[in-house]
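Survey of secondary and tertiary structure
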Amino acid sequence: IYKYIDFIFNEKFSGKQYILEKYKIWYQDLHENTNYFRGFSLKFFIPNLSSLIRDSNIHTALDYGCGKAELHETFRLKKLWGLHKLDKYDPGVKEWSDLPTSSYDLVFCIDVMEHIEDDDVDNILRHIYSLTNKIAFFSISTRPATKRLSDGTNVHKAIHPEQWWRDRIDVVFKDKLAIVNFSL
């Protein structure tokens, strides 16, 4: 039985959204006891995000599923991007595990969605939507990972073709821009 965290979004998204506590349990162990999830996947997207932030008049951003967020300080991303606010969220990292309560011009989600079980994908997408004022940027892997959870299962739970992801994102982000990069 999983414990659910219940919270109500701001007026932009009416209703309730549930984030499963199981992700916190699964990933805290990996974050604390391995060299995994350091946030290095972000390095491949810094140039793209820099252009997007500049060209779209972005002032606030959230790294949703930031991992250990080691590159944030290495590259001083807030300053590099000229942001007023750059927040981090990851249920598996105690320091970043508080659910965001603000909304952001940009929410970027790099190498995260494939870690969510199929039954939870739509809820997580709705959560990201509720936090997004202008643009959501996703990078999603469509293949199994080499990493395993403590129970031996693959850390990539939602392994699907690009169209499966596009269909779900298009339904949720029908009135906001969602940019998706797929890695094979």
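Residues numbered from 1 in each chain as written. Predicted model: local features only at pLDDT ≥ 70, side-chain atom pairs only at ≥ 80, totals over all residues. Heavy atoms only, no water.

Let us now look at the environment of cysteine 66. Along the chain, the position of cysteine 66 falls in the loop between β3 (60-64) and α3 (70-74). C-alpha of cysteine 66 to C-alpha of phenylalanine 108: the two residues are 42 residues apart in sequence and 9.0 Å apart in space. (Helix = DSSP H or I, 4+ residues; strand = E, 2+ residues; numbered from the N terminus.)

For the rest of this paragraph, the subject is the sheet that holds strand β6 (residues 132-141). As summarised here, the arrangement of the five strands in space is β4-β3-β5-β6-β7, forming an open sheet in which the pairing is parallel. Each edge of the open sheet is held by one strand with a lone partner, namely β4 (85-89) and β7 (177-183). Shown here is a sheet whose adjacent strand axes are inclined to one another by a mean of 15°, direction ignored. Pairing of β3 with β4 involves five bridges; the strand directions are parallel. Bridge pairing in β4 places aspartate 63 opposite lysine 88. (Pairing = 2+ DSSP bridges. Axes fitted to C-alpha atoms, helices over the stretch in contact; angles between N-to-C directions.)

Among the secondary structure elements, aspartate 63 is positioned in strand β3. The buried charged residue aspartate 63 lacks any salt bridge partner; its closest oppositely charged side chain belongs to lysine 88, at an N-O distance of 7.7 Å. (Buried < 20%, exposed > 50% of the residue type's maximum accessible area, 1.4 Å probe, protein only. Lys, Arg positive; Asp, Glu negative; His and termini not counted. Salt bridge = Lys/Arg side-chain N within 4 Å of Asp/Glu carboxyl O.)

The subject of this paragraph is the nonpolar core. In terms of nonpolar packing, the biggest core is built from 25 residues, with Tyr64, Met113, Ile128, Phe138 and Phe173 touching the most fellow members. Of all elements in the fold, only β3, β5 (104-110), α5 (118-131), β6 and α6 (162-172) reach the threshold of two or more residues within this core. Ranked by residues supplied to this core, first place goes to α5 with six residues. In terms of nonpolar packing, the next biggest core, distinct from the first, is built from 18 residues, Ile46, Leu77, Trp81 and Leu83 among them. (Core = buried A, V, L, I, M, F, W, Y, C linked by side-chain atoms within 4.5 Å.)

Looking along a regular strand, one sees side chains alternate from face to face of the sheet. A large share of β3 lies buried, amounting to five of its five residues. Direction of pairing for β3 relative to β5: parallel, over a ladder of three bridges. Bridge pairing links aspartate 63 to phenylalanine 108 in β5.

Time to look at the pairing of β5. Here β5 lies mainly inside the structure; seven of its seven residues are buried. When β5 meets β6, the two strands line up parallel, connected through six bridges. Residue pairing across strands places cysteine 109 opposite phenylalanine 138, the latter belonging to β6. Note that the unit made of β5, α5 and β6 has a crossover that is right-handed. (Right-handed = clockwise from strand over helix to strand, strands pointing away.)

Along the chain, histidine 160 falls in the loop between β6 and α6. Here aspartate 118 takes part through its side chain, which lies 2.7 Å from a polar atom of the side chain of histidine 160. (Polar contact = N/O pair within 3.5 Å; in protein donor to acceptor, adjacent residues only side chain to side chain.)

All right, on to the packing of α5 against α6 then. Following both chains from N to C, one finds α5 and α6 inclined at 40°, their axes separated by 10 Å at the closest point. With respect to α6, the axis of α5 lies oblique. Crossing handedness for the pair α5 and α6: right-handed. Each of Asp118, Val121, Asp122, Leu125, Arg126 and Tyr129 in α5 lies in contact with α6, whose residues at this interface are Trp164, Trp165, Arg168, Ile169 and Val172. When its residues are assigned to classes, the contact of α5 with α6 shows seven nonpolar, no polar and four charged. (Parallel < 35°, antiparallel > 145°, perpendicular 65-115°, else oblique. Left-handed = near helix turned anticlockwise from the far one by under 90°. Contact = heavy atoms within 4.5 Å. Nonpolar A, V, L, I, M, F, W, Y, C, P; charged D, E, K, R; others polar.)

As far as function goes, none of this settles anything; it's purely spatial.
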